[in-house]
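Next come the chains, spelled out residue by residue.
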Amino acid sequence: MKNTSYFLFPVLFCLFSCIDNLESPGISPSVDQIDMEAEGGIQQVDFSSGDWKIERIENVKSDSRIFGDIYSLQNERVSENALLELEGEGRLEAIWPNKGFVITRNAQDKLEIVLQENSTGEAFGFRIILSSETGERIISVSQKASQGYEFTEIEYYVGEEDGDSLFWKRGT
């Protein structure tokens, strides 16, 4: 009997410790790190469930929260120049003269991140902090700095009907 209990205890311990956790799986985005070129672009993020919200958006450089405009999916402005956060579906915009982004949650399990060109001369990055009842998850977004543009030649044509009366000079 004693030998049986020595054998039975480890077997039962292994069985009960290997049972999967039956709680909800939490937030599981298809990507949690997005690296974008300086020219900007679009990244789609898919989730296994829609039981989460955008808690806040933080600037990587200063760890400060980002302000912007919050819109409904019907394009109605909900908040202007507010701390960016989103409970359900909608759109968040933070647009500056030389960089910016738009985050759209157009379905419970989808997020679209659109970055504009970063012409600031330095890298840009922010974190999207998602939360649910089971915890938090962070999606980090980084964007390279634009190197600018270099033109070797610009060709143009001015016809007889073309011109601007304020700046057009006629000379001999």
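Keep in mind the model is a prediction, meaning the values are calculated, not measured.

**Topic: the overall build of the protein**
Here is step 1 of the chain: Helices and strands together make up the secondary structure of the protein, namely one helix and 10 strands.
Here is step 2 of the chain: Its helices and strands taken in sequence order, the protein reads α-β-β-β-β-β-β-β-β-β-β from the N to the C terminus.
Here is step 3 of the chain: Evaluated residue by residue, the protein yields a buried proportion of 31% over its 172 residues.
Here is step 4 of the chain: Surface exposure of the protein reaches about 12300 Å², of which carbon and sulfur atoms provide 51%.

**So, unusual backbone geometry**
The phi torsion of most residues other than glycine is negative, and most of the peptide bonds are trans.
Here is step 1 of the chain: At D63, a position not held by glycine, the phi torsion is positive, near 55°.
Here is step 2 of the chain: The residue D63 is located in the loop between β3 (53-59) and β4 (67-71) in this model.
Here is step 3 of the chain: Residue classification places D63 among the exposed positions, given a relative accessible area of 53%.
Here is step 4 of the chain: Positive phi values are uncommon outside glycine, yet N81 reaches one of about 50°.
Here is step 5 of the chain: For N81, the location among the structural elements is in strand β5 (residues 77-83).

**Comments concerning the sheet that holds strand β2 (residues 41-46)**
Here is step 1 of the chain: Strands sit in the order β2-β8-β7-β6-β4-β5 across an open sheet of six strands; the sheet is antiparallel. Each of the sheet's edge strands pairs with one partner strand only, and the pair in question is β2 and β5. Put simply, the sheet's adjacent strands are angled 15° from each other on average, direction ignored.
Here is step 2 of the chain: As paired strands, strand β6 (residues 90-96) and strand β7 (residues 99-107) are joined by seven bridges and run antiparallel to one another. Bridging across to β7, R91 finds its partner in T104.

**A short note on the confidence of the model for the protein**
Here is step 1 of the chain: Residues at a pLDDT of 70 or more form 80% of the protein, whose mean pLDDT is 85.
Here is step 2 of the chain: Averaged over each element, pLDDT in the protein is lowest for helix α1 (residues 2-17) (56) and highest for β4 (97).
Here is step 3 of the chain: Throughout residues 20-24 the model reports pLDDT below 50, and contacts reaching past four residues in sequence, or to other chains, amount to one contact.

**Re the environment of I42**
Here is step 1 of the chain: The residue I42 is located in strand β2 in this model.
Here is step 2 of the chain: What makes I42 exposed here is its relative accessible area of 58%.
Here is step 3 of the chain: Sequence-distant contacts of I42, defined by excluding residues within four places in its chain, comprise M36, E112, I113 and V114.

**A look at the pattern of salt bridges**
Here is step 1 of the chain: For the coordinates displayed, the defined rule picks out 13 salt bridges.
Here is step 2 of the chain: Note that R56 is salt-bridged to E58, the shortest N-O span being 2.8 Å.
Here is step 3 of the chain: Residue E58 is classed as buried on the basis of its relative accessible area, which comes to 14%.
Here is step 4 of the chain: A single network of salt bridges, built from pairs that share partners, joins R56, E58, D63, R127 and E136.

Cut-offs and rules
- Residues numbered from 1 in each chain as written.
- Predicted model: local features only at pLDDT ≥ 70, side-chain atom pairs only at ≥ 80, totals over all residues.
- Heavy atoms only, no water.
- Helix = DSSP H or I, 4+ residues; strand = E, 2+ residues; numbered from the N terminus.
- Buried < 20%, exposed > 50% of the residue type's maximum accessible area, 1.4 Å probe, protein only.
- Areas by Shrake-Rupley, 256 points an atom, 1.4 Å probe, with all protein chains shown as cover.
- Pairing = 2+ DSSP bridges.
- Axes fitted to C-alpha atoms, helices over the stretch in contact; angles between N-to-C directions.
- pLDDT = per-residue confidence, 0-100.
- Contact = heavy atoms within 4.5 Å.
- Salt bridge = Lys/Arg side-chain N within 4 Å of Asp/Glu carboxyl O.

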